[in-house]
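Overview (structure and organization)
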Amino acid sequence: MSEPQSIYASVGELEVKPAAGVWTDPMPESQADQVAFFKKHGFLILRQVFNAEELAEMDAEIQRIARDHEKLPKVREGFDLEPKQDAKRGALAFRKIGGITDLSDAFHQAMKQPRILDMLHAIMGPTIQLWRDVVMMKPARVGREKPWHQDSSYWPWEPMSLVSAMTALDDASPENGCLQVIPDTHMDVLQHYGKELMVDIDDQMQKRTMYVPLQRGDTLLFHSLLLHASEPNLSDQDRRVCIVSYKSPDAKFIGRGEEKDCPLVSQR
Ligand SMILES: O=C(O)CCC(=O)C(=O)O
């Protein structure tokens, strides 16, 4: 653990403050210890899951999809543009590309990456289904903050124990808005408020906030009740991540309307 440097001191009022620390501790090595770590802390980092060739293919796919987005079908959440566009970019700045594993074979393969699936089965059991699949872009200079929240407060599944795999497609650091987490917060369901559904964290919680820097190709697994957030990206470096959220059939639909189909990802 080390002290972070904040580059956001000059920015006006933001919901998400610079984190109190940076997660630099190594992860356990054996699978049993990794599962125990995830269960205790609500997250786990898998280093260098994707190689340079796989990452280059995903880069090319994002470019293709962004270029052709008007001709492509809206899958699940569809596309979101950043409200503030960046004249320097010379192309549209996207906030989100939804349904990425349907839109791209490279991302469909990434959803089934063997190291990720091994861990998911160890944590979640024999049947893994897909719930959500997005690329969150957080583009240089215009990427917005994401306030503190628990993903399960947005999602119609109980028990609230889904797992997301966030793969870094760029190096993600405190400077370009890497994820912040509050370890060990995945046991409690917190009250969210507002249009964006967020949680206010008090001073005690703020002291426990940690940046989780990732290198391109790393994957962060996190529990759907883990409190997390990210600051805006005021740097000149994009911060793209692919987030695939997985559920087990034990999670039952508690939403309104019709239950959405959750395709099978893996059965062991
Ligand atoms: O992209 C980010 O920094 C945050 C994404 C996030 O919190 C989410 O999708 O739940």
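An account of the accompanying structure is given in this report. Predicted model, so just to flag it, every value in this text is computed and none were measured. (Residues numbered from 1 in each chain as written. Predicted model: local features only at pLDDT ≥ 70, side-chain atom pairs only at ≥ 80, totals over all residues. Heavy atoms only, no water.)

With 17 residues, helix α2 (residues 52-68) should cover 24 Å at 1.5 Å per step; its first-to-last C-alpha distance of 24 Å lies within 8% of that length. Looking only at α2, the buried set comprises Leu55, Met58, Asp59, Glu61, Ile62, Ile65 and Asp68. At the N-terminal end of α2, a side-chain oxygen is found 3.1 Å from the backbone nitrogen of glutamate 53, two or three residues along, and the residue is asparagine 51. (Helix = DSSP H or I, 4+ residues; strand = E, 2+ residues; numbered from the N terminus. Expected span 1.5 Å × (residues − 1). Buried < 20%, exposed > 50% of the residue type's maximum accessible area, 1.4 Å probe, protein only. Polar contact = N/O pair within 3.5 Å; in protein donor to acceptor, adjacent residues only side chain to side chain.)

With that settled, the discussion passes to the sheet that holds strand β6 (residues 146-149). Spatially, the five strands line up as an open sheet ordered β1-β10-β9-β12-β6, and their pairing is mixed. In this open sheet, the two edge strands, each paired with only one partner strand, are β1 (21-22) and β6. Bridge analysis of β1 against strand β10 (residues 210-211) gives two bridges, and the strand direction is parallel. Looking across to β10, one finds that valine 22 is bridged to tyrosine 211. (Pairing = 2+ DSSP bridges.)

Phe43, Ile116, Val135, Leu220, Leu221 and Tyr246 are the most contacted members of the largest nonpolar core, which has 61 residues in total. Among the elements that make up this core, the one with the highest residue count is helix α5 (residues 114-124) (six residues). Excluding anything up to four places from it in sequence, leucine 220 contacts Phe43, Leu44, Ile45, Ser164, Ala165, Met166, Leu179, Val212 and Leu214. (Core = buried A, V, L, I, M, F, W, Y, C linked by side-chain atoms within 4.5 Å. Contact = heavy atoms within 4.5 Å.)

Here the focus is the pattern of salt bridges. Scanning all chains against the criterion turns up 18 salt bridges. One network of salt bridges, in which partners are shared, links Asp59, Asp170, Arg216 and Arg240. (Salt bridge = Lys/Arg side-chain N within 4 Å of Asp/Glu carboxyl O.)

Here we come to the pairing of strand β13 (residues 241-247). Taking burial as the measure, the seven residues of β13 include seven buried ones, the bulk of the element. On β13, burial covers both faces: Val241, Ile243, Ser245 and Lys247 on one face and Cys242, Val244 and Tyr246 on the other are all buried. Here seven bridges tie strand β5 (residues 127-136) to β13, and the two strands are oriented antiparallel to one another. Residue pairing in the sheet places valine 135 in a bridge with cysteine 242 of β13. Here six bridges tie strand β8 (residues 163-168) to β13, and the two strands are oriented antiparallel to one another. Within β13, the residue paired with valine 163 across the bridge is tyrosine 246.

Running from amino to carboxyl end, helix α1 (residues 31-41) crosses α5 at an angle of 65 degrees, the nearest separation of the two axes being 10 Å. Considering how the two elements wind past one another, α1 and α5 form a crossing that is right-handed. Residues Gln31, Gln34, Val35, Phe38 and Lys39 of α1 form the contact with α5, whose own contacting residues are Asp118, Met119, Ala122 and Ile123. For the contact of α1 with α5, a count of residues per class yields five nonpolar, two polar and two charged. (Axes fitted to C-alpha atoms, helices over the stretch in contact; angles between N-to-C directions. Left-handed = near helix turned anticlockwise from the far one by under 90°. Nonpolar A, V, L, I, M, F, W, Y, C, P; charged D, E, K, R; others polar.)

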